[in-house]
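Tertiary structure, described
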Amino acid sequence: MDLFAALADPVRREVVELLADGPVTAGVIAERFPVTRPAVSRHLRVLREAGLVEAQVRGQQRVYTLRRAGLAPLEEWLERFRAPVLPADRLDALDTELRRGRRARDTEGERRGTA
């Protein structure tokens, strides 16, 4: 299944958000939504087929985990639309960090009385 098609459904997006915090059992996932358990199972199957989640059987339960690597194609697609980072922007950021470091050293020296 296509990653974008899998994420087009709001229930599946919410499942992905839920799993971003860590592994969750199928039962806990099903309790979160006002749809039948078979409907939740279908949503989970779509997410598995899209490579976004994986399931592991632990005793009588299925535990679902987010596959962060499955989001890489989405990240690559979004990258096309981000503004490029120009070398001057990087130098400005470096200058800011150098100034912060100097300021921190000066503050530390004043506190110790060595400035």
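Here, the structure is the one placed above.
Residues numbered from 1 in each chain as written. Predicted model: local features only at pLDDT ≥ 70, side-chain atom pairs only at ≥ 80, totals over all residues. Heavy atoms only, no water.

With that settled, the discussion passes to the overall build of the protein. For the protein, the count of helices and strands is 6 helices and 3 strands. Secondary structure elements in the protein, listed N-terminal to C-terminal, are α-α-β-α-α-β-β-α-α. At 23 Å, the protein has a C-alpha radius of gyration far larger than the 13 Å of a compact globule built from 115 residues. Here the C-alpha coordinates of the protein stretch approximately 70 × 35 × 25 Å along the principal axes. Taken across its 115 residues, the protein has 26% of its residues classed as buried. At a minimum sequence separation of 6, the contacts of the protein that also span at least 24 residues come to 49%. Within the protein, the 18 negative side-chain charges are centred at a point lying 4 Å from the centre of the 21 positive side-chain charges. (Helix = DSSP H or I, 4+ residues; strand = E, 2+ residues; numbered from the N terminus. Rg over C-alpha atoms; globule rule 2.2 N^0.38 Å. Buried < 20%, exposed > 50% of the residue type's maximum accessible area, 1.4 Å probe, protein only. Contact = heavy atoms within 4.5 Å. Lys, Arg positive; Asp, Glu negative; His and termini not counted. Charge placed at Lys NZ, Arg CZ, Asp CG, Glu CD.)

This part is about the side chain of Arg12. Mapped onto the elements, Arg12 comes out in helix α2 (residues 10–19). Here Ala6 takes part through its backbone oxygen, which lies 2.7 Å from a polar atom of the side chain of Arg12. If we ignore the near neighbours within four places in the chain, the residues touching Arg12 are Ala5, Ala6, His43, Val46 and Leu47. (Polar contact = N/O pair within 3.5 Å; in protein donor to acceptor, adjacent residues only side chain to side chain.)

Within the secondary structure, Thr25 is located in strand β1 (residues 24–25). By relative accessible area, Thr25 is classed as buried at 19%. For Thr25, the residues in contact, after removing those within four places along its chain, are Gln61, Arg62 and Val63.

Time to look at the packing of aromatic side chains. Inspection of the entire model under this criterion finds 2 aromatic pairs. When the centroid spacing of 5.2 Å and the interplanar angle of 65 degrees are considered together, the rings of Phe4 and Trp77 count as edge-to-face. One end of the pair, Phe4, is in helix α1 (residues 3–8); the other, Trp77, is in helix α5 (residues 72–79), with 73 residues separating them in the sequence. Note on Phe4: relative accessible area 35%, which makes it partly exposed. Through a chain of ring-to-ring contacts, three or more aromatic side chains come together here, namely Phe4, Trp77 and Phe81. (Phe/Tyr/Trp six-rings, centres within 6.5 Å; stacked < 30°, edge-to-face > 60°.)

Geometric values such as these leave the question of function open.
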